[in-house]
Amino acid sequence: MEFAELIKTPRVDGVVLHRPFMPTVEGTLCLTGHHLILSSRQDNTEELWLLHSNIDSIEKRFVGSLGSIIVKCKDLRVIQLDIPGMEECLNIASSVEALSTLDSVSLMYPFFYRPMFEVIEDGWHSFLPEDTFKDLESMTDEWRLSEVNKDFSVCPSYPPLVAVPKDIDDNTLRKVATFRHGGRFPVLSYYHKKNGMVMMRAGQPLTGTNGRRCKEDEKLINVTLRLGKRGYIIDTRTISVAQHAKARGGGFETEANYPQWRRIHKAIERFNVLQESLIKLVEACNDQSHNMDRWLSKLEASSWQTHVKEILTTACLAAQCIDREGASVLVHGTEGTDSTLQVTSLAQIILDPACRTIRGFQGLVEREWLQAGHPFQQRCAQSAYSNSKPRQEAPVFLLFLDCVWQILRQFPCSFEFTESFLVLLFEHAYASQFATFLGNSAAERAKLSLTEKTVSLWSWVNRPQELERLTNPLYEPNSLVIWPSVAPQSLLLWEGVFLRWNRSSKWLDDAYEEMVHIIEYNKELQNKVNSLRRQLAQLETDDPLLQTP
Amino acid sequence: MEHIRTPKVENVRLLDRSSGQRKVSTGTLYLSATHTIFVENNPETRKETWVLHSMVSSVERPPSTPVGSQLILRCKDFRVFQILIPQERDCSDVHTSLVRLSRPEKYSELYCLSFNPNVNKEEREESWKFIDLMADYKRMGVPNNLWVSTAANSEYRVCDTYPSELFVPKSATPAITVGSSRFRSRGRFPVLSYFHQDTLAAVCRCSQPLSGFSGRCQEDEMMLQAVMKSNPGSDYIYVVDTRPKLNAMANRAAGKGYENEDHYTNIKLQFIGIENIHVMRSSQQKIIDVGDMRSLSMTDFLWGLESSGWLKHIKAILDAGVFIARAVTDEGVSVLVHCSDGWDRTSQACSVASVLLDPYYRTIKGLMVLIERDWVAFGHKFSHRYAHLDGDPKEVSPVIDQFLECVWQLSEQFPCAFEFNERFLIAIHTHVYSSQYGTFLGNSQKERRDMRLHERSHSLWPQLWLDRAQYTNPLYKAELSQSQGVLRPNTTPYCFKMWKGLYNHMEKSTPPHQSPADFLSAVREESQQLEEELTNHQEVPPGGTAHHHHHPGSRQENSSPDREANHVGEDRGFEEED
């Protein structure tokens, strides 16, 4: 298919662009296959390069022959383009609409994008499961890397390599897979070096209404417990939701069949409830006419903060079981691809200092989200402005990032990265020139040959100039477990995302710069003093007279 | 000591609820004339908890439990202590004593009159001169050919709740001044609060006119004319009535009210809608209750925050300040501010406007000066509002709490614009209530003079100044554009947050170095030491006397804010065990 067919009017002159906190710009609007571009043709004026895939929805307005298009982006920005001429305006609108809703993955921009930077390290090979496993091997020999899913036939949403208990062979795994939703048999998510406890994740067990059981499943789960130890199964659904799941063939582990395990139910919402919540929240944030009562009641009604609290609470529970109770944990919800991953990944941030570094966090996103089969393409197809009925869309990953931000805000010195990194991941999960978040699983990504045809986001991030931009000047490695507060007073609205386009951040940016300045100056002084101290020491050794005071 | 029946009780269990710790400690409880003191039994820590009697706002006695009798101490700084006493009789004695001790009946019972820091008479007298209001008027260029000092209120003849030294428009004759004062509630006639040198516009304050439905007063009308004339750049003034219009109208029935625009020429009347002290009192109680709830859900919290109305009130006060600051700077128009008596909402609106208008009031010393002027000198009724003595509970209201919170909200929006940190605001808040110093005692300058407080007590300000290192905001930089000139805050509702540092004490009870600010302060301090070391090194001629420099800095171990990674307290994200 040719993009040209979809572009009814490739360029219009005299278009005026309005966007938050920037002066209006007049210029020429051009449509290409993947971008909406506004160029003022003046030097030094910033141009707009907007990916069509970043466009969530567009609205048209007409006053006389002057048409306006309101472009609402997935990163929550809203811009307005005033286009002279009714026909041009209609053409542009319908072209943009068509180009921003292309169904075919292979037409997406990452397949056309050629990097303008030097790739120092190919991100596609930065976080291979076999490398991650080497770290595990150095700590324990109780786990092995299984290739049972190498052709994605046992579990289509799992990667080819997964870590499983050493004593469980591939045949057992195949049997367990038939007993778990989506074939997602329990795999290792995290090994807690401090006490050898583990966190596993899976899909729900397919017990159904007649209480089906699977000896292999019971064996697999039990073998991960040390002698005399107990474990916790954290079901991210309420007991009633889990009960209902039985009617559709799903279910939960009956304690009689897993006597060493205690099951705990939590209430993390899914899919359209979350999508609705996001839509309501963004609506509330964008309406500046609200008075205080209305704002607070809208914020409350969106339930977004409630979701943040629920997810964090559950993650803390998992971490507490492991670190404080010295128990292993199995986490699952229904599919095991959404709330499960929120919990397992956040628990790791709490427990494992390595996940709080820039590279460690990339590794976490890679392991616990991308390779773990979070369906990014479905979940991030639309954002808060979408008019169409949500199908599989849900801000699951955004909620995860929000929770990370909450922890980061409470422990501002324990993370190597700043909030910018989280915002960057949010943007790229929804629209990107990089293919990292393309597809719904490792299997899909393999089929699309992304490694050969596209560039990974990590290739771009892991360059000195980008890393510098994302590095937290306050960072001091902290080897401890960090317990965030989940009291409602401690959880704030993530302004960096939700108010980003509604209020100027100038004063906060100034403060950030000042902070960097204070720290840089200190480093500079330390260097000077250290070099003087060395000189002095040198002098003292050179001149024996000076050694005795 | 007459009120103390049982000065010492052993095997008492104490839970500091507000610290968020769920750990109960056992120890001995002592009652002194001024404090409740709890000393932990644990021989390693022997931790002491001191609670000043005047900080206790209520002592509750819930039903006894099998293990003993309980007391709940709620403090004015929002700390809550739960005490378990084994013997019913001891508990009853302690309860009776505390109820009495926490409600002093006479000023002479207050702590500030027995508090005796180790300073001599000269130092104490000097301490009262630390804040010099006349120097501040001079700093803003007053007196000048527009504003002059008046002797009308010397010996508090005209208005006993005003200070004796006041500035009025040059054209306001003594007759006008006195006449105007007769037409104003409590004699509080229009006087200068702040003069803006750049535009020559002024912020003035007074109380409501005694106009009723149709009353007028020529001198008062002339007084407002004089205020207008004292600003050469403008031919009208704003009269800001900080009350909701309905309240102001209702006051007319009582012979009070607001300025009739037909009688006063060249005024523009503006109502702001800040609620009265009774609304504010119950509003604050509601947010305290929200914070008190166990296992609070997000819905409970947001709903509670909304129904308390607290942030709405804070916004109204900030909006009043913004209106005044805009009028003075953008339009160059003078503003006359009043409410009913002109000592609560008027103090809030004027002082917030000053913080917005003048960078000086955003410094440590400047904020002291501002509170001393718009609150202490202008007769804000501290002893009534903050219940220094046992009195009418309807007089109590968190008026200055709201001002301090407005400043805090501003400091969140402009992190580099304030020389002080949140801790400074909280320290002021504590001392407004504690009556440890004489600064906030009484209800007017006259009362303080009559009590001879300057001879009998100490001023708070020099003490805070001495401790300023811990109150300094490391990000403050006078040269930055956000620190200069007028602050123009965004007052969209989403810009307001609950002031967790004041209402939830967790942060205070945790070890220092938990915030980026403290981390940066430590870094800056280290930088200073390094600078000194560098200077020393450079002073040493090569081969000169050896300097054995001990390492002053080299990144102290404890300088990481998150070092104590496990925040003590709060609803940690795991199952509670109680």
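Keep in mind it's a predicted model, so treat the numbers as computed, not measured. (Residues numbered from 1 in each chain as written. Chains lettered and ligands numbered in written order. Predicted model: local features only at pLDDT ≥ 70, side-chain atom pairs only at ≥ 80, totals over all residues. Heavy atoms only, no water.)

Q: What am I meant to see in the UniProt feature "binding site: substrate" (unreviewed entry) in chain B here?
A: All names here are of chain B. Within the UniProt annotation, "binding site: substrate" (unreviewed entry) is assigned to Asn276, Ile277, Cys339, Ser340, Asp341, Gly342, Trp343, Asp344 and Arg345. Considering the C-alpha atoms alone, the annotated residues occupy 70 residues of sequence yet fold into one spot, their largest mutual distance being 12.3 Å. Topologically, Asp341 is positioned in the loop between strand E14 (335–338) and helix H10 (345–357). Relative accessible area serves as the criterion here: at 18%, Asp341 is assigned to the buried category. Setting aside residues no more than four positions away along its own chain, Asp341 makes contact with Ser185, Arg186, Arg188 and Ser207. (UniProt positions renumbered as here; feature names shortened; annotations may be inferred. Helix = DSSP H or I, 4+ residues; strand = E, 2+ residues; numbered from the N terminus. Buried < 20%, exposed > 50% of the residue type's maximum accessible area, 1.4 Å probe, protein only. Contact = heavy atoms within 4.5 Å.)

Q: Hey, could you run me through the sheet that holds strand E3 (residues 35–39) of chain A in this one?
A: Sheet strands pair by backbone hydrogen bonding; their relative direction is either parallel or antiparallel. Residue and element names in this part refer to chain A. Taken in spatial order, the 7 strands line up as E4-E3-E2-E1-E7-E6-E5 in an open sheet, and their pairing is antiparallel. Here the strands that pair on one side only, and so sit at the sheet edges, are strand E4 (48–51) and strand E5 (55–63). Ignoring which end each strand starts from, the neighbouring axes of this sheet average 30 degrees apart. Judged from the 7 bridges that link them, strand E6 (residues 66–73) and strand E7 (residues 78–84) form a sheet pairing that is antiparallel. Its bridge partner lying in E7, Ile69 is registered against Leu81. (Pairing = 2+ DSSP bridges. Axes fitted to C-alpha atoms, helices over the stretch in contact; angles between N-to-C directions.)

Q: Looking at this structure, I do not really get the confidence of the model for chain B. What am I missing?
A: Residues and elements named next belong to chain B. In this model, chain B carries a mean pLDDT of 89, and residues with pLDDT of at least 70 account for 91%. Counting interchain partners and residues more than four positions distant, the pLDDT-below-50 stretch residues 543–561 has 43 contacts. Ignoring residues within four places in sequence, the model shows residues 574–578, a span with pLDDT below 50, making 14 contacts including any to other chains. (pLDDT = per-residue confidence, 0-100.)

Q: I keep staring at the packing of aromatic side chains and nothing clicks. Help me out?
A: Centre distance and the angle of the planes are the two values used to describe a pair of aromatic rings. A complete count under the given rule lists 44 aromatic pairs over all chains for this structure. With 5.5 Å between their ring centres and 15 degrees between their planes, Trp408 of chain B and Trp499 of chain B make a pair best called stacked. Separated by 91 residues along the polypeptide, Trp408 of chain B in helix H13 (residues 399–413) and Trp499 of chain B in the loop between helix H18 (468–471) and helix H19 (500–503) bring together distant segments of the chain. When sorted by exposure, Trp408 of chain B lands in the same class as Trp499 of chain B, which is buried. Grouping aromatic residues by their ring pairs yields a cluster made of Phe361, Trp369, Phe376, Phe397, Phe400, Phe415, Phe417, Phe421 and Phe437 of chain A. Residue placement shows Arg463 of chain A over the ring face of Phe117 of chain A; its charged tip is 4.5 Å from the ring centre. One Lys or Arg, Lys268 of chain B, reaches over the ring of Tyr236 of chain B and ends 4.2 Å from the middle of that ring. (Phe/Tyr/Trp six-rings, centres within 6.5 Å; stacked < 30°, edge-to-face > 60°. Lys NZ or Arg CZ within 6 Å of the ring centre and 35° of its normal.)

Q: When you look at the interface of chain A and chain B in this model, what are you seeing that I'm missing?
A: Accessible area lost upon the coming together of the parts serves often as the stated size of an interface. At the junction of the two partners, chain A supplies 70 residues and chain B supplies 71 residues. When chain A packs against chain B, close to 6200 Å² is buried across both sides, 63% of that on carbon and sulfur atoms. Taken together, the connections running from chain A to chain B amount to 4 salt bridges. Between Glu533 of chain B and Arg533 of chain A there is a salt bridge whose closest N-O contact spans 2.9 Å. The tally of links from chain A across to chain B stands at 12 residue pairs in polar contact (both at pLDDT 80 or more). Mapped by element, the contributors of at least two residues to the side of chain A that touches chain B are helix H7 (292–302), helix H8 (304–323) and helix H19 (506–542) of chain A. Sort the elements by how many residues they give to the side of chain A that touches chain B and H19 of chain A lands first, with 21 residues. (Buried area = accessible area lost by both parts, 1.4 Å probe. Salt bridge = Lys/Arg side-chain N within 4 Å of Asp/Glu carboxyl O. Polar contact = N/O pair within 3.5 Å; in protein donor to acceptor, adjacent residues only side chain to side chain.)

Q: What is the right way to look at the sheet that holds strand E14 (residues 328–332) of chain A in this model?
A: Residues and elements named next belong to chain A. The sheet built from 5 strands is open, its strands ordered E10-E11-E14-E12-E13 with mixed pairing. Since the sheet does not close on itself, it has two edges, and those belong to strand E10 (187–192) and strand E13 (261–265), each with one partner. Between one strand axis and the next, the sheet turns through 20 degrees on average, direction left out of account. Strand direction decides the pairing type here: strand E12 (residues 231–235) and E14, joined by 5 bridges, are parallel. The residue bridging Tyr232 from the neighbouring strand is Val329, located in E14.

Q: Any chance you could explain the pattern of salt bridges here in plain terms?
A: Once the charged atoms of two side chains with opposite charge are near each other, the side chains can pair. All names here are of chain B. Under the definition given, this model contains 56 salt bridges over all chains. Of the charged contacts, one joins Arg100 and Glu109 as a salt bridge, the two residues approaching to 3.2 Å between their closest N and O atoms. When its relative accessible area of 31% is taken as the criterion, Glu109 is described as partly exposed. With a shortest N-O distance of 2.9 Å, Arg139 and Asp358 are connected by a salt bridge.

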